[in-house]
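A structural walkthrough
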Amino acid sequence: VERKEWQEKKQALMETMNVAVKTSPNIRANANGHQARMIEQDTAVVQCLGKLNRLESEIFDKNVLWQAKQREVEPIDSEAVELRRSKGRLMAQLNDYIEARALLRQMHLDASLRTLLPEAAHEHLEDFLKNG
């Protein structure tokens, strides 16, 4: 957001400077073939140029700081990405383990019920287990 604001400010300063240069009496005098005279409005051009130079210096300094921060944060960000991947793998393994344990539990329950129920009930048990 800050970068965008600075770019907009720079654009506005450049447009202001362009207007100041175009409307400068010295430029108009030169265009009409008259000798240029230093008058007050030329200070507007100088002021715009100074502001533009200061802004560009500030932008450059901020970019240097942002790049340094980015280099500082980059290893932490990479580690966070790797931790997220690792978490995803571990969650998948945990889900597989839980499903396997549930299946094994169901098989043990089924085997226990088979030993406790008479043979005729096995068919009904099979239908119940298949159809829910």
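Just so we're clear, the structure is a prediction, and the values are computed from it rather than from any experiment. Per chain, the residues get numbers from 1 upward, laid out in the order the sequence is written. This being a predicted model, a pLDDT of at least 70 is required before a residue's local features are given, and a value of 80 or more before pairs of side-chain atoms are given or counted; all residues contribute to the totals for chains, interfaces and linings. Each side-chain value is worked out from all heavy atoms of the structure, with water and hydrogens disregarded.

1. Description of a nonpolar patch on the surface
Together, Met91, Leu94, Tyr97 and Ile98 make up a nonpolar patch on the protein surface, roughly 400 Å² of accessible area in all. Note that Ile98 resides in helix α3 (residues 42–116). Candidates for patches are residues over 30% relative accessible area with no salt bridge; among them, like charges are joined within 9 Å and nonpolar side chains (Val, Leu, Ile, Met, Phe, Trp, Tyr) within 5 Å. Per-residue and other accessible areas follow the Shrake-Rupley method at a 1.4 Å probe size, with only the shown protein chains counted as cover for residues. One speaks of a salt bridge when a side-chain nitrogen belonging to Lys or Arg is within 4 Å of a carboxyl oxygen belonging to Asp or Glu. What counts as a helix is a DSSP run of H or I of at least four residues, what counts as a strand is a run of E of at least two, and both are numbered from the N terminus.

2. Re the nonpolar core
Within the largest apolar cluster, five residues are counted, these being Trp6, Leu13, Leu52, Leu55 and Ile59. Broken down by secondary-structure element, the contributors of at least two residues to this core are α1 (2–22) and α3. Looking at this core element by element, the count peaks at three residues for α3. When checking whether two residues touch, look at their non-hydrogen atoms; a contact exists if any pair is within 4.5 Å. Setting aside residues no more than four positions away along its own chain, Leu52 makes contact with Lys10, Leu13 and Met14. Here, the term nonpolar core denotes a set of buried Ala, Val, Leu, Ile, Met, Phe, Trp, Tyr and Cys residues that are joined through side-chain atoms within 4.5 Å. The rule is simple: take the accessible area with a 1.4 Å probe, protein chains only, and divide by the maximum for that residue type; under 20% is buried, over 50% is exposed, in between is partly exposed.

3. Details of the pattern of salt bridges
Taken as a whole and assessed by the stated rule, the structure comprises three salt bridges. A salt bridge links Lys10 to Glu56; its shortest N-O distance comes to 3.3 Å. Here Lys10 is found in helix α1, whereas its partner Glu56 is found in helix α3, with 46 residues between them in sequence. When its relative accessible area of 22% is taken as the criterion, Lys10 is described as partly exposed. Since its relative accessible area comes to 33%, Glu56 is described here as partly exposed. Measuring nitrogen to oxygen at the nearest pair gives 3.6 Å for the salt bridge that ties Glu82 to Arg85. Of this pair, Glu82 and Arg85 both sit in helix α3, three residues apart, which is roughly one turn of the helix. Residues joined by salt bridges that share partners form a network here, namely Glu82, Arg85 and Arg89.

4. A word on α3
End to end, α3 covers 105 Å across 75 residues, agreeing with the expected 111 Å (1.5 Å per residue, within 8%). Along α3, the largest kink reaches about 35° and is centred on Val73; proline Pro75 follows within four residues of it. Any helix carries an expected span of 1.5 Å times its number of residues minus one. Throughout, bend refers to the angle between the axes fitted to the seven residues that end at a position and the seven residues that start at it.

5. Quick look at the environment of Lys51
The residue Lys51 is located in helix α3 in this model. Classification of Lys51 by relative accessible area gives partly exposed; the value is 46%. Note: C-alpha distance between Lys51 and Leu13 (38 residues apart in sequence) is 7.6 Å.

6. Re the packing of α1 against α3
Here an angle of 0 to 180 degrees is reported between the N-to-C directions of two axes, which are lines fitted to C-alpha atoms, with helices fitted over the stretch in contact. One way to put it is that α1 packs onto α3 with a least axis distance of 9 Å and a crossing angle of 160°. With respect to their mutual orientation, α1 and α3 come out roughly antiparallel. The hand of the α1/α3 crossing is left-handed. Throughout this entry, Asp, Glu, Lys and Arg are counted as charged residues, while Ala, Val, Leu, Ile, Met, Phe, Trp, Tyr, Cys and Pro are counted as nonpolar. The remaining residues, Gly among them, count as polar. Tallied by class, residues from the contact of α1 with α3 come to 14 nonpolar, three polar and eight charged. Angle categories: roughly parallel below 35 degrees, roughly antiparallel above 145, roughly perpendicular from 65 to 115, and oblique for all the rest. Should the near helix be turned anticlockwise from the far one by less than a right angle, the crossing is left-handed, and should it be turned clockwise, the crossing is right-handed.

Structural measurements only, silent on function.
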